Amino acid sequence: MIDILPDAYLWVKVLHVISVISWMAGLFYLPRLFVYHAEQVDAGTATDRMFQTMERRLLRAIMAPAMLTTWLFGLALVVTPGIVDWSMIWPWSKAAAVLGMTWFHMWLGRQRKAFAQGDNRLSGRRYRLMNEVPTVLMIVIVASVIVKF
Ligand code: HEM
């Protein structure tokens, strides 16, 4: 398996970046949905149920599979001979930011459940602030993989 990775390298990277884009789209959009859900929607209404459906589908149909394939193709790149030099800083800064991104995904999952149970305790302002987390992590990740400091 490891033998074919050098030949497949660029295609694996194509699949990695496609997965990343799909995952990031959800990581940016779901907290925005939570802002409107928290500020504009009364629990138990038809609109509440519509938001819950959109949030559940976004997480399950797009974000979860995209996170899985981002990790899968990302780890395939990690084990491709000659790609990652662990004596440099960038693999570590990227790994730390990617773990942060994965934590953020899990946090969004917990908040989705809270909305589904009518038990959201966070304000729209709080979700707006949390929306900055994936932006900061994305900057760290992209600088790490492109500049390779
Ligand atoms: C989930 C775990 C992840 C792992 C294990 C991982 C690992 C890697 C590795 C080893 C490379 C190859 C670098 C090279 O070809 O020199 C790469 C490329 C890349 N990764 Fe990730 N990555 C992950 C998540 C992410 C995320 C969340 C983003 C964006 C926010 C991202 C963005 C990119 C980009 C844009 C490239 C292409 C860089 C280039 O070729 O210049 N990755 N990734």
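In this text, all values refer to a predicted model and were calculated from it rather than measured experimentally.

(A) Representation of the UniProt feature "transmembrane region" (unreviewed entry) in the protein within the structure. As recorded in UniProt, the feature "transmembrane region" (unreviewed entry) lies at residues 12-30, 58-83, 89-108 and 129-147. Here residues 58-83 is 85% helix and 0% strand, with 33 Å between the C-alpha atoms at its ends.

(B) Structural view of the site of the ligand. Around the ligand, the structure places 20 residues, and the nearest of them are V20, G74, L77, V98 and V145. Contributing elements (two or more residues each) for the shell around the ligand: α1 (5-40), α2 (46-79), α3 (90-116) and α5 (132-147). Per-element tally for the shell around the ligand: the top contributor is α2, with six residues. When its residues are assigned to classes, the shell around the ligand shows 16 nonpolar, three polar and one charged.

(C) α5, seen in detail. For α5, built from 16 residues, the straight-helix expectation of 22 Å at 1.5 Å per residue is met to within 8% by its first-to-last C-alpha distance of 22 Å. Buried within α5 are the following residues: P134, L137, I141 and S144. For α5, the angular spread of the buried residues around the axis is 95°, confining them to a single face. For α5, the exposed residues set more than 90 degrees away from the buried face come down to E132, T135, V136, I139, I146 and V147. In this structure, the buried residues of α5 make contact with α1 and α3.

(D) Just the environment of V35, in detail. With respect to the secondary-structure elements, V35 resides in helix α1. Through-space distance from the C-alpha of V35 to that of A114 is 14 Å; in sequence the pair is 79 residues apart. Excluding residues that lie within four positions of it along the chain, V35 makes contacts with G124, Y127 and R128.

(E) Focus on the UniProt feature "binding site: heme" (unreviewed entry) in the protein. Mapped onto the present numbering, the UniProt feature "binding site: heme" (unreviewed entry) falls on H16 and K94. On the basis of their most widely separated C-alpha atoms, the annotated residues across 79 residues gather in one place, lying no more than 14.3 Å apart. The topology assignment puts H16 in helix α1. The exposure class of H16 is buried, given the 20 C-beta atoms found within 10 Å. When neighbours within four sequence positions are excluded, H16 is seen to be in contact with T70, F73, G74 and L77. Within the secondary structure, K94 sits in helix α3.

(F) Quick look at the confidence of the model for the protein. Confidence in the prediction of the protein, expressed as mean pLDDT, is 97, and 100% of residues score 70 or more. The complex model carries a pTM of 0.96, and its ipTM stands at 0.95.

(G) Region of the structure containing the packing of α1 against α2. It is at 7 Å that the axes of α1 and α2 come closest, and there the two elements cross at 150°. For the element pair α1 / α2, the angle class is roughly antiparallel. The interaxial crossing formed by α1 with α2 has left-handed handedness. Its residues assigned to classes, the contact of α1 with α2 comprises 20 nonpolar, eight polar and two charged.

(H) Spatial organisation of α1. Its 36 residues place the ends of α1 49 Å apart at the C-alpha level, agreeing with the 52 Å of an ideal helix rising 1.5 Å per residue. Taken as a whole, α1 carries its principal kink of about 40° at W11. Considered for burial, the residues of α1 that qualify are H16, S19, V20, W23, G26, L27, L30, P31, F34, H37 and A38.

Rules used in this analysis
- Residues numbered from 1 in each chain as written.
- Predicted model: local features only at pLDDT ≥ 70, side-chain atom pairs only at ≥ 80, totals over all residues.
- UniProt positions renumbered as here; feature names shortened; annotations may be inferred.
- Helix = DSSP H or I, 4+ residues; strand = E, 2+ residues; numbered from the N terminus.
- Near = placed C-beta within 6 Å.
- Nonpolar A, V, L, I, M, F, W, Y, C, P; charged D, E, K, R; others polar.
- Expected span 1.5 Å × (residues − 1).
- Buried ≥ 20, exposed ≤ 12 C-beta atoms within 10 Å, placed from the backbone.
- Arc of directions from axis to C-beta.
- Contact = placed C-beta atoms within 7 Å.
- pLDDT = per-residue confidence, 0-100.
- Axes fitted to C-alpha atoms, helices over the stretch in contact; angles between N-to-C directions.
- Parallel < 35°, antiparallel > 145°, perpendicular 65-115°, else oblique.
- Left-handed = near helix turned anticlockwise from the far one by under 90°.
- Bend = angle between axes of the 7 residues up to and from the residue.

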